[in-house]
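Structure at a glance
So you can see what is in the structure, the chains are spelled out below.
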Amino acid sequence: MMRLRNYFLTGFIVCAPLAITAWITWSFMGWADSWVKPYVPARYWPDAYLPFAIPGFGLIVALILITLIGFLTANIIGRTIIGWGERLLSRTPLVRTVYTALKQIFETVLADRSASFKTAALMEYPRKGVWCVVLVATDARGEIARVLADESDEMTAVFLPPTPNPTSGFLLFVPRAELRILDMSIENALKLVVSSGLVSPDDPSAKVSIDQAAKIISARQSREREREPAE
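Here is a short report on the structure shown in this document.

**Remarks on unusual backbone geometry**
Omega for the peptide link from Tyr 125 to Pro 126 comes to 5°, which places this bond in the cis form. One can find Pro 126 in the loop between β1 (119–124) and β2 (131–139).

**Some remarks on the side chain of Thr 156**
Of note, Thr 156 is situated in strand β3 (residues 155–160). When its relative accessible area of 0% is taken as the criterion, Thr 156 is described as buried. Non-local contacts of Thr 156, meaning those with residues more than four positions away in its chain, are made with Val 136, Thr 138, Asp 139, Ala 140, Leu 172, Phe 173, Val 174, Arg 176 and Leu 179.

**Looking at a nonpolar patch on the surface**
Taken together, Leu 94, Val 98, Leu 102, Ile 105 and Phe 106 make up a surface patch of nonpolar side chains, about 520 Å² in accessible area. Here Phe 106 is to be found in helix α4 (residues 95–110). Residue Phe 106 is classed as exposed on the basis of its relative accessible area, which comes to 52%.

**Details of the packing of aromatic side chains**
For the structure on display, the rule yields three aromatic pairs. Pairing Phe 8 with Phe 12 gives two aromatic rings, centres 6.3 Å apart and planes at 25°, and the pair type is stacked. Separated by four residues within a single helix, Phe 8 and Phe 12 lie in helix α1 (residues 2–36), roughly one turn from each other. Of the two residues examined, Phe 8 and Phe 12, each falls in the exposed class.

**Notes on the pattern of salt bridges**
As enumerated under the stated definition, the model contains two salt bridges in all. Between Lys 128 and Glu 124 there is a salt bridge whose closest N-O contact spans 3.3 Å. Residue classification places Lys 128 among the exposed positions, given a relative accessible area of 63%. Across the pair Arg 176 and Asp 139 runs a salt bridge whose closest N-O atoms are separated by 2.9 Å. Here Arg 176, found in the loop between β4 (170–175) and β5 (180–181), pairs with Asp 139, found in strand β2; they are 37 residues apart in sequence, far enough to count as distant. Overall, Asp 139 belongs to the partly exposed group, its relative accessible area being 28%.

**Section: the side chain of Lys 37**
In this fold, Lys 37 is placed in the loop between α1 and α2 (57–73). Overall, the relative accessible area of 11% leaves Lys 37 in the buried class. Excluding residues within four positions of it along the chain, Lys 37 makes contact with Trp 45, Asp 47, Phe 57 and Gly 58.

**Section: the nonpolar core**
If you look at the biggest cluster of nonpolar residues, it comprises ten residues: Ala 121, Met 123, Cys 132, Val 134, Val 136, Val 158, Leu 160, Leu 172, Val 174 and Leu 179. Those elements that place two or more of their residues in this core are β1, β2, β3 and β4. Element by element, the count of residues in this core is highest for β2, at three residues. Not counting residues within four places of it along the chain, the set of residues in contact with Leu 179 comprises Ala 121, Leu 122, Met 123, Val 134, Val 136, Thr 156, Val 158 and Val 174. Judged by nonpolar contacts, the second largest core, of eight residues, contains Ala 120, Leu 135, Ala 189 and Leu 192.

Calculation notes
Residues numbered from 1 in each chain as written. Predicted model: local features only at pLDDT ≥ 70, side-chain atom pairs only at ≥ 80, totals over all residues. Heavy atoms only, no water. Helix = DSSP H or I, 4+ residues; strand = E, 2+ residues; numbered from the N terminus. Buried < 20%, exposed > 50% of the residue type's maximum accessible area, 1.4 Å probe, protein only. Contact = heavy atoms within 4.5 Å. Patch = residues over 30% accessible without salt bridge, like charges linked within 9 Å, V, L, I, M, F, W, Y side chains within 5 Å. Areas by Shrake-Rupley, 256 points an atom, 1.4 Å probe, with all protein chains shown as cover. Salt bridge = Lys/Arg side-chain N within 4 Å of Asp/Glu carboxyl O. Phe/Tyr/Trp six-rings, centres within 6.5 Å; stacked < 30°, edge-to-face > 60°. Core = buried A, V, L, I, M, F, W, Y, C linked by side-chain atoms within 4.5 Å.

Right, dumping it as C-alpha cells:
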C-alpha cells in the first residue's frame, strides 16, 4: 500500500500542474473568444467553414489588433490620435482617475526603460532578527523624497509580497543600507514566497567539492570529539 501511495503522489505531482495549466489556458482562450468574436462578422469565423469549433480565434484577433494599435501609435498620426483621446479622458470625472492610475501601473511594469522589480532583497521585518523577501522598486521620489530628506540614508521603495498570494502586499520605504540585495531572479524570489520557502533556488556560491565536504565533516567530527570529555 505504501508503494501504491507513493506512485499516486508521484503521478499527482506530475499531472496536477499540467491539468491546471491546461485549464487556465483553455479558460483564458474561451474568455477572449467570448469578448472578441461577437464583434467579428460570422463569415470570417473559421467555425463557419469547418465542422468543429476552433478555440483561440478571438485571442489571435485580439493579439493582431493590439499589435496593429501599437504600430499605429508609433508614428506621428497615431500619437496625435492617442494624445487627443487622452486629453478627452483627462477631462472626464472619475474616468480620468482610473485611466491615469492604470496607465502609470502598466507603463511602470511593462515599459522597457523601467528597472522596477528586477531585484530581490532581504529586509529585517517585522522585527530585528526576522528577515523577509522583498522586491526592490525605485528610489523615493517627489513629495516622499522631500519629506524623508532628513533621513541619513537614501530611501528606497520596496514591495513586500505575502505568502502564498504575492499579488497583494505592502509598499514600504526603507533605507537602502537596510537591504541585502540577492543574486536570485524575481521569478525565483516569487517561487520562494509562493511555496512558503519549500522551493528554494540553488546558490552556486554555496556548492563545494567532495574534498571540501570531506574536510568540513572531518573538522566537525574532531570538534565533537574534543567536546565529549568536557561534557
